[in-house]
Amino acid sequence: MRKIMLLGVLLILIAVAVIAYELFYGSTNLYPYEMNLTRDINTTLAPNSTRSMQFNYTNGTVLVFLAHTNRSINFYLMNRSGYALFESSNAPKYEEAVSLEGKGTVLVYNNATNASFPVYYDSNLIYQYPNSSNQIATGTYYFIADNTKGSRSSSNDVSLNIAYVPNFYHNETTATDYQNFVNSFNSEKTDGEIGGFLFIIGIVVILYGFISKRRWFKDRPTPQKEPVSDEEIDRMYRSVSRKDKNNKAGTKKHTVKNSGRTKDRKRINSER
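Just so we're clear, the structure is a prediction, and the values are computed from it rather than from any experiment.

Caption draft 1: Region of the structure containing the overall build of the protein chain. Each helix and strand in the protein chain was counted, giving five helices and seven strands. Sequence-ordered secondary structure for the protein chain, helices as α and strands as β, is α-β-β-β-α-α-β-β-β-β-α-α. Counting every position in the protein chain, which comprises 272 residues, the buried fraction comes to 32%. In the protein chain, once contacts between residues fewer than 6 apart in sequence are set aside, the share between residues at least 24 apart is 78%. About 18,300 Å² of surface is accessible on the protein chain, with carbon and sulfur atoms providing 54% of the total.

Structural data, given as structure tokens:
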């Protein structure tokens with residue numbers, strides 16, 4: 001049981017080491033490829049405002065972006081026809097984006113702080129066009145960050161960062177950089193998942209060892225004393241009886257000696 005619990009602790013330590021390695025080394029390894037491929041936009045969304053970004057996607061280009069905000073807002077990805085309907089509508093932006101699901105809307109994030117395409121972040125992703133993570137039609141697309149009605153932060157300024165891959169054709173250099181970026185990103189993601197899996201397994205092993213230890217103590221039989229035979233009982237009584245007799249005899253001798261000494265003392269005193 002102790003070995004099982006030690007194994008669980010060892011698994012947790014390995015998981016922490018893997019995650020720490022990826023946080024420090026993995027991100028450092030990914031950074032050069034990201035810098036070669038990506039561009040950043042840092043801006044502020046005013047209360048009740050939106051920000052749109054256009055991507056021209058063809059068979060020779062890639063459509064990749066990651067968005068992050070410090071407050072929860074809504075994010076959408078739409079094709080050209082959906083975006084035209086979205087912009088011309090007088091309905092609340094979020095309601096209009098939802099109404100265009102399957103009619104031009106590709107992705108909808110509701111009150112999220114992260115959004116991406118392809119979908120790396122699925123928290124608060126409420127709509128995704130079938131297979132949109134892997135395959136979309138060529139054309140023009142618009143990514144919209146929405147801080148209007150329906151956004152939890154519509155009455156506040158929101159800091160927005162968008163990291164994206166510029167539209168480029170896959171010549172030999174950019175194709176290699178892009179593949180290296182994807183491979184490094186996937187490797188870091190896989191290692192992080194392995195670390196998390198090992199951490200969970202370690203916790204389970206420790207709990208199993210703890211429960212097994214308690215069961216062992218609970219089910220452990222209580223040691224039973226062997227019954228004492230009649231002969232042994234008689235022997236014990238005889239031994240006790242002898243001791244009592246010896247003690248009584250010693251007491252009588254001691255009393256006689258003391259009485260003799262007392263008589264001698266009285267005789268000597270009378271002679272004086």
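From this point, things continue past the structure.
Caption draft 2: A look at the packing of aromatic side chains. Summed over the entire model, instances satisfying the criterion amount to nine aromatic pairs. For the ring pair Phe75 and Phe143, a centre distance of 5.7 Å and an interplane angle of 5 degrees mean the geometry is stacked. Linking Phe75 in strand S3 (residues 65–79) with Phe143 in strand S6 (residues 139–146), this pair joins segments that are 68 residues apart in sequence. Taken together, the ring pairs connect Phe55, Phe65, Phe75, Tyr109, Phe117, Phe143 and Tyr164 into an aromatic cluster. Over the face of the ring belonging to Phe86 we find Lys93, whose NZ or CZ atom lies 4.9 Å from the ring centre.

Caption draft 3: Just helix H2 (residues 80–88), in detail. Every buried residue of H2 is accounted for by Gly82, Tyr83 and Phe86. Within H2, the buried residues cover an arc of 95 degrees as seen down the axis, which keeps them to one side. Elements in contact with the buried residues of H2: strand S2 (50–57), S3, helix H3 (93–99) and S6.

Caption draft 4: Main features of the pairing of S6. Of all eight residues in S6, seven are buried; the element is thus mostly enclosed. Where S2 meets S6, eight bridges bridge the pair, whose relative direction is antiparallel. Bridging across to S6, Phe55 finds its partner in Tyr141. By the bridge criterion, six bridges tie S3 to S6 in an arrangement that is antiparallel. Bridging across to S6, Asn79 finds its partner in Tyr141.

Caption draft 5: Quick look at the nonpolar core. Membership of the largest hydrophobic core comes to 27 residues, with the highest contact counts inside it found for Phe65, Phe75, Phe143 and Ile162. Elements represented by at least two residues in this core include exactly strand S1 (39–45), S2, S3, strand S4 (105–117), S6 and strand S7 (158–164). The element best represented in this core is S4, accounting for six residues. Those residues in contact with Phe65 that lie beyond four places of it in its chain are Phe55, Leu77, Ala115, Ser116, Phe117, Phe143, Ile162, Ala163 and Tyr164. With 11 residues, the next largest nonpolar core counts Tyr76, Phe86, Tyr127 and Ile144 among its residues.

Caption draft 6: Up close: unusual backbone geometry. Here Phe117 and Pro118 are connected by a cis peptide whose omega angle stands at -5 degrees. Within the secondary structure, Pro118 is located in the loop between S4 and strand S5 (125–128). Non-glycine residue Asn48 carries a positive phi angle of around 55 degrees. On the basis of relative accessible area, Asn48 is assigned to the exposed category, the value being 52%. Of note in the backbone geometry, Asn124 takes a positive phi value of approximately 65 degrees without being a glycine. You can call Asn124 partly exposed: its relative accessible area is 33%.

Cut-off values and rules
- Residues numbered from 1 in each chain as written.
- Predicted model: local features only at pLDDT ≥ 70, side-chain atom pairs only at ≥ 80, totals over all residues.
- Heavy atoms only, no water.
- Helix = DSSP H or I, 4+ residues; strand = E, 2+ residues; numbered from the N terminus.
- Buried < 20%, exposed > 50% of the residue type's maximum accessible area, 1.4 Å probe, protein only.
- Contact = heavy atoms within 4.5 Å.
- Areas by Shrake-Rupley, 256 points an atom, 1.4 Å probe, with all protein chains shown as cover.
- Phe/Tyr/Trp six-rings, centres within 6.5 Å; stacked < 30°, edge-to-face > 60°.
- Lys NZ or Arg CZ within 6 Å of the ring centre and 35° of its normal.
- Arc of directions from axis to C-beta.
- Pairing = 2+ DSSP bridges.
- Core = buried A, V, L, I, M, F, W, Y, C linked by side-chain atoms within 4.5 Å.

Limitation: the analysis is restricted to geometry and does not speak to function.
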